[in-house]
Amino acid sequence: MEIWINPACSKCRSALTLLDAEGAHYTVRRYLEDVPSEDEVRGVLERLGLEPWDITRTQEAEAKELGLKQWPRDAGSRDRWITALAGHPKLIQRPIITADDGTAVVGRTDEAVRDALSR
């Protein structure tokens, strides 16, 4: 399993603490430094079963500068959103845990992290 984190994020640190307590084997990806490509964002979205706007942190300053709240949320705009996430990784919701079964979860709660561990 891999977990995308921002070390400054308390939810990410909590997820790591829980993974460690459960003895999980995982790889950490500091996605602000090791920025995911558009294809990687697409892959994670597929694993999550979500759309790009579902994992976008719209309250970030960069989101406001881009005017993301006004962007259409439809199939025709999907690539535009993915390009924005790859170009501005700070906008990606965190932490994202890719589970061993090919799925993924946004691990913002202990319950979500445990869900990833059970897969």
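In this text the structure is predicted, and so the values were computed from the model without any measurement. (Residues numbered from 1 in each chain as written. Predicted model: local features only at pLDDT ≥ 70, side-chain atom pairs only at ≥ 80, totals over all residues. Heavy atoms only, no water.)

### Comments concerning the sheet that holds strand β3 (residues 96-98)
- On the basis of which strands lie adjacent, the open sheet formed by four strands has the order β2-β1-β3-β4 and mixed pairing. Two strands close off the open sheet at either side, each with one partner strand: β2 (27-30) and β4 (104-106). Direction aside, the axes of adjacent strands within the sheet are offset by 20 degrees on average.
- Where β3 lies against β4, three bridges are found, and the strand directions are antiparallel. In the strand pairing of β4, isoleucine 96 is matched with valine 106.
- Where helix α1 (residues 10-21) meets the sheet, it contacts β1 (2-5) and β2, and its direction lies at approximately 155 degrees from that of β1. (Pairing = 2+ DSSP bridges. Helix = DSSP H or I, 4+ residues; strand = E, 2+ residues; numbered from the N terminus. Axes fitted to C-alpha atoms, helices over the stretch in contact; angles between N-to-C directions. Contact = heavy atoms within 4.5 Å.)

### With respect to the packing of aromatic side chains
- Under the counting rule described, the total for this entry stands at three aromatic pairs.
- Plain terms: the ring middles of tryptophan 53 and tryptophan 81 are 5.8 Å apart, the flat faces sit at 70 degrees to each other, and that makes the pair edge-to-face. On the criterion of sequence distance, the pair formed by tryptophan 53 in the loop between α2 (38-48) and α3 (61-66) and tryptophan 81 in helix α4 (residues 78-87) is long-range, its members being 28 residues apart.
- Residue class for tryptophan 53 comes out buried when judged on its relative accessible area of 12%.
- Through a chain of ring-to-ring contacts, the aromatic side chains of Trp53, Trp71 and Trp81 assemble into a single cluster.
- Lying over the aromatic face of tryptophan 71, arginine 80 brings its terminal NZ or CZ to 3.8 Å of the ring centre. (Phe/Tyr/Trp six-rings, centres within 6.5 Å; stacked < 30°, edge-to-face > 60°. Buried < 20%, exposed > 50% of the residue type's maximum accessible area, 1.4 Å probe, protein only. Lys NZ or Arg CZ within 6 Å of the ring centre and 35° of its normal.)

### Let's talk about the nonpolar core
- Counting 20 residues, the largest nonpolar core has Ile55, Ile92 and Ile96 as the members making the most contacts within it.
- For this core, the elements supplying multiple residues, two or more each, are α2 and α4.
- It is α4 that provides the largest number of residues to this core, a total of five residues.
- With sequence-adjacent residues up to four places away left out, isoleucine 55 is seen in contact with Leu45, Leu48, Leu50, Leu85, Leu91, Ile92, Gln93, Ile96 and Val106.
- If you look at the next biggest cluster of nonpolar residues, it comprises 14 residues, including Met1, Cys9, Leu19 and Val113. (Core = buried A, V, L, I, M, F, W, Y, C linked by side-chain atoms within 4.5 Å.)

### Points about the pattern of salt bridges
- Under the defined criterion, the tally for this structure stands at eight salt bridges.
- Glutamate 38 is the partner of arginine 42 in a salt bridge, and the nearest nitrogen-oxygen pair spans 3.8 Å. On the criterion of helical spacing, the pair formed by arginine 42 and glutamate 38 is a turn pair, its members being four residues apart in helix α2. (Salt bridge = Lys/Arg side-chain N within 4 Å of Asp/Glu carboxyl O.)

### Looking at the pairing of β1
- Sheet topology places β1 next to β2; four bridges connect them, and they run parallel. Bridge pairing links isoleucine 5 to arginine 30 in β2.
- Crossover β1 to β2 through α1 is right-handed.
- Pairing analysis gives three bridges linking β1 to β3, with the strands arranged antiparallel. (Right-handed = clockwise from strand over helix to strand, strands pointing away.)

### Focus on α1
- Taking 1.5 Å per residue as the helical rise, α1 with its 12 residues ought to reach 16 Å, and the 16 Å between its terminal C-alpha atoms agrees with that figure.
- Elements in contact with the buried residues of α1: β1, β2 and α5 (110-117).
- Directly beyond the C-terminal end of α1, a positive phi value near 70 degrees is found at glycine 23. (Expected span 1.5 Å × (residues − 1).)

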